[in-house]
2 protein chains.
Amino acid sequence: MLLRRFSHIFIIISSLGACAAIHQAGAFEAFMPLPRKPPIPEDNLMTPAKAALGKQLFFDVRLSRTGTVSCNSCHNVMAGGEDGRAVSVGALGKPGRRSAPTLWNVAYQTVYYWDGRASSLEAAIRDQMLSPTEMGMSDEASVTQRLSWIPGYQDQFDKVFHNSGSLTYDNIAKAIAVYIRTLVTPDSPFDHYLEGDKQAIPAAAKRGHHEFIEVGCASCHFWVNLSGPVPGLAFQMGEGFYELFPNFVGSTYESQYKLSDDLGRYLVTREDIHKRMWRVPSLRNVVLTAPYFHNGSVRTLDEAVRVMAKTELDKELTGRQVSDIIAFLNTLTGKFPAQYMPRLPEIPGDTLQLP
Amino acid sequence: MLLRRFSHIFIIISSLGACAAIHQAGAFEAFMPLPRKPPIPEDNLMTPAKAALGKQLFFDVRLSRTGTVSCNSCHNVMAGGEDGRAVSVGALGKPGRRSAPTLWNVAYQTVYYWDGRASSLEAAIRDQMLSPTEMGMSDEASVTQRLSWIPGYQDQFDKVFHNSGSLTYDNIAKAIAVYIRTLVTPDSPFDHYLEGDKQAIPAAAKRGHHEFIEVGCASCHFWVNLSGPVPGLAFQMGEGFYELFPNFVGSTYESQYKLSDDLGRYLVTREDIHKRMWRVPSLRNVVLTAPYFHNGSVRTLDEAVRVMAKTELDKELTGRQVSDIIAFLNTLTGKFPAQYMPRLPEIPGDTLQLP
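Here's what I pulled together on the structure shown here. Please read all numbers here as calculations on a predicted model, not as lab measurements.

Quick notes on the rules
- Per-chain numbering applies: the sequence of each chain, read as written, is numbered from 1 onward.
- Note on labels: chains are lettered from A, ligands numbered from 1, in written order.
- Given that this is a predicted model, residues contribute local features only at a pLDDT of at least 70 and side-chain atom pairs are listed and counted only at 80 or more, while totals for whole chains, interfaces and linings are drawn from all residues.
- Computation of side-chain values: all heavy atoms of the structure, hydrogens and water removed.
- For this analysis, residues touch if any pair of their heavy atoms sits within 4.5 Å.
- In this description, buried area is defined as the sum, over both parts, of the accessible area (probe of 1.4 Å) that is lost when the two are combined.
- When a carboxyl oxygen of Asp or Glu lies within 4 Å of a side-chain nitrogen of Lys or Arg, that pair is called a salt bridge.
- By definition, any uninterrupted DSSP run of H or I lasting at least four residues is a helix, any uninterrupted run of E lasting at least two residues is a strand, and each is numbered from the N terminus.
- Expected span of a helix, by definition, is 1.5 Å for each gap between consecutive residues, and there is one gap fewer than residues.
- The buried label applies to any residue whose accessible area, calculated with a 1.4 Å probe on protein chains only, is under 20% of its type's maximum; exposed applies above 50%, and partly exposed to all values in between.
- When the centres of two rings from Phe, Tyr and Trp lie within 6.5 Å, Trp using its six-membered ring, the rings pair. Their planes under 30 degrees apart give stacked, over 60 give edge-to-face, and anything left gives tilted.
- Whether a charge lies above a ring is judged from NZ of Lys or CZ of Arg, which has to be within 6 Å of the ring centre and within 35 degrees of the ring normal.
- Least-squares superposition of the copies uses the C-alpha atoms of those residues scoring a pLDDT of at least 70 in each of them.
- Nonpolar side chains (Val, Leu, Ile, Met, Phe, Trp, Tyr) are joined into patches within 5 Å and like charges within 9 Å, using only residues with over 30% relative accessible area and no salt bridge.
- Every accessible area reported is derived by Shrake-Rupley at a probe size of 1.4 Å, with residue values counting cover from the shown protein chains alone.
- To define axes, lines are fitted to C-alpha atoms, for helices over the stretch in contact only, and angles between the resulting N-to-C directions are given on a 0 to 180 degree scale.
- Left-handed is the label given to a crossing in which the near helix is rotated counterclockwise from the far helix by less than a right angle, and right-handed is the label when the rotation is clockwise.

A few words now on the interface of chain A and chain B. The partner chain B presents 40 residues to the 40 residues of chain A that form the contact. Here chain A packs against chain B, burying approximately 3300 Å² in sum over the two surfaces, 53% of which is carbon and sulfur. Ranking the residues of chain A by area buried against chain B places Met78, Met341 and Arg343 of chain A at the top, with a combined share of 24%. Taken together, chain A and chain B are joined by 2 salt bridges. The partner of arginine 299 of chain A in a salt bridge is aspartate 350 of chain B, with the nearest N and O atoms 2.7 Å apart.

Take helix α14 (residues 319-330) of chain B next. Residue and element names in this part refer to chain B. With 12 residues, α14 extends 16 Å between its outermost C-alpha atoms, agreeing within 8% with the 16 Å of an ideal straight helix rising 1.5 Å per residue. What α14 keeps buried is the set Gln321, Val322, Asp324, Ile325, Ile326, Ala327, Phe328 and Leu329. The elements touched by buried residues of α14 are α9 (189-194), α10 (203-215) and α13 (301-313).

Turning our eyes to something else, we now look at the packing of aromatic side chains. Following the criterion strictly, the structure yields 29 aromatic pairs over all chains and no others. Between phenylalanine 235 of chain B and phenylalanine 241 of chain B, the aromatic rings sit 6.2 Å apart at their centres with planes inclined by 90 degrees, giving edge-to-face as the arrangement. The pair phenylalanine 235 of chain B / phenylalanine 241 of chain B is uniform in exposure class, with both members buried. Through successive ring pairs, a cluster of aromatic residues spans Phe31, Phe190, Tyr193, Phe212 and Phe328 of chain A. The residue whose ring lies beneath arginine 117 of chain B is tyrosine 113 of chain B, and the NZ or CZ to ring-centre distance is 3.6 Å. The ring of tyrosine 193 of chain B carries the charged tip of lysine 198 of chain B above its face, separated from the ring centre by 4.7 Å.

Right, let's get into the relation of the copies chain A and chain B. Between the two copies of the chain lies a relationship made up of a rotation around an axis and a movement along it. The transform that puts chain A on chain B rotates by 180 degrees and translates by 0.0 Å along the axis, for an RMSD of 0.0 Å. Look at the turn and shift together and you get a two-fold axis relating the two. Considering only C-alpha atoms, the part of chain A nearest the rotation axis is tyrosine 340 of chain A, at 2.1 Å. The share of interface residues of chain A whose copies in chain B are also at the interface is 100%, consistent with both copies meeting through the same surface.

Residue and element names in this part refer to chain A. Among the surface-exposed residues, Ile40, Leu45 and Met46 lie close enough to one another that they form a single nonpolar patch of about 240 Å² accessible area. Within the element layout of this structure, isoleucine 40 appears in the loop between α2 (18-25) and α3 (48-58). Assessed through its relative accessible area of 32%, isoleucine 40 is described here as partly exposed.

Residue and element names in this part refer to chain A. Per the stated rule, a full pass over the model turns up 28 salt bridges over all chains. Between aspartate 187 and arginine 36 there is a salt bridge; the shortest N-O distance is 2.7 Å. Of this pair, aspartate 187 sits in the loop between α8 (169-181) and α9 (189-194) while arginine 36 sits in the loop between α2 and α3; the two residues are 151 residues apart in sequence, bridging distant segments of the chain. By sharing partners, the salt bridges in this structure join Arg98, Asp115, Arg117 and Asp262 into a single network.

Residues and elements named next belong to chain B. It is the contact of helix α5 (residues 121-130) with helix α8 (residues 169-181), at a shortest axis distance of 8 Å, that shows an interaxial angle of 120 degrees. Seen along the crossing, α5 lies across α8 with a hand that is right-handed. On α8, the residues touching Leu121, Glu122, Ile125, Arg126, Met129 and Leu130 of α5 are Tyr169, Asp170, Ile172, Ala173, Lys174, Ile176, Ala177, Ile180 and Arg181.

In structure tokens, the structure reads:
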């Protein structure tokens, strides 16, 4: 099985009884309802004021070099938390290398990016502001300088971080991270089902849930976020749960969708064992996050399920199996919190001169 | 005086006693608090469901050819209702000819665009979806077809317009217009002052208000929206209140800011009398809408006040006059309604294929 390649994970999971349970009885221990409060790092506590500031920054195009792109442009939290594109185009007009992942429930991840190269959400945000395929800012100083020209930001940073001079690059990332950690979607039908409401999901989804376990999907897509270990539960922050994709090479899917063109985590570590290794993504809200996979090459969920079964488990699913599994995946759409729009601070009677 | 050039307006205003009042005593009849409910056209009534649908469309980048621009990109209602740029860049990467005006309180306009070429908000929206410098859609059918692929939109149009087959181009514009008519900002300090709270604005603003009248600004910037007649009050929809800008030609401002390069309403009517004629814009929230004028050429409000005094009234203001007038303009910032973000409908397990 896949997990054998990760002896430490295998031991952890076996010791918790989860893996055995998945394959023996489809027991519920493998899945758990999404908690309403995600793990919070000690050095970046949540406060309503910090989340409000982070939300402003998240929606503010002035955080990008050209003033045309905000975090929300590619991670649209009014929708599935991404942009429905194979790859996004950043502020400088350059396409990204990989598909923008959803931001919903990323607070439950132990590492960030498809290849896990950031060990915290804050670290990922610090990268993204300077990435030429994302916000495209030239350096940290240009980010803080730009925001310092906007009195409303200057004031808020000092209040939120209880100190004058708090408008720093690190604090910008911290505030945005706090906002993103509010983006959780509990109360999916499957969560209600796990909590004991046997009518919460339809019969097809129950069959699909069974198939999901029997076929082997749940070997990787398990626990609260259907993405394996979460922070503080088996794994610590920075410790990634990776899988090989494709695991079985040589299928027509592999060439059709260029699945092996990107070597994944190998590009971070340059260790051969990490070739084509990828962080296991969450399946929560997966019906809202097409197109699929690291390169966004597969447009529909139907096809994505077939591709996964073939390339990861060497199985060809029947039409009924696919439709049942999709019925199950449909029950993973949670309740999106009602969010107020932020009000963005301006420079009274003046404006930033953007390119 | 300026108004003499518009005998019909002059008569209307004189008959209402407003113009005389402005020049004689600075009486309050020239200004009125912003009503909470704007005029509503009979053929597009407001309903909460229609406004909610319009809000979704307003924030949906899928309404632009490339899927990169929404109405909110250039008319940012999380801020001053525009984008802080001289001119915006549309979905196709082409810059617009004129500066994107704020959408706050546009429900009180009788015509739309800087040159008044649209006689209703709905007409302006219908234009903008197809404009190559705005949303850039190729034709009406491509707009309705794209939305029809999104089940959540199809369903909502039928419910909101009480008919199957209601996802039409006209109804898209109607829904967006209804949302935009919710964008009103009453309760500015100046409104409270007009309502009798004499402490609602500071002394400098009171002096500025007096200067605003004495210098002559109020000859055009009067009534509820400080933009002249509003629908149903002296003017009907489609009847524009235009002024010459610059009125006094030959100033250094004119050349420095290229104020006469664009012939304004003349480009619509090709009548010589309309050369350099422009719709009088509202001054509500004006401290939030830099840069200024039809070409966005003037970055600061301070400079904009000096330019207006010189080019419209042939007056050079003292520093004190400018700062007092700006203190007054600062009291025109209203209360922005708290708005929930929309949830944008998706195609379950699929995505639009955008360029």
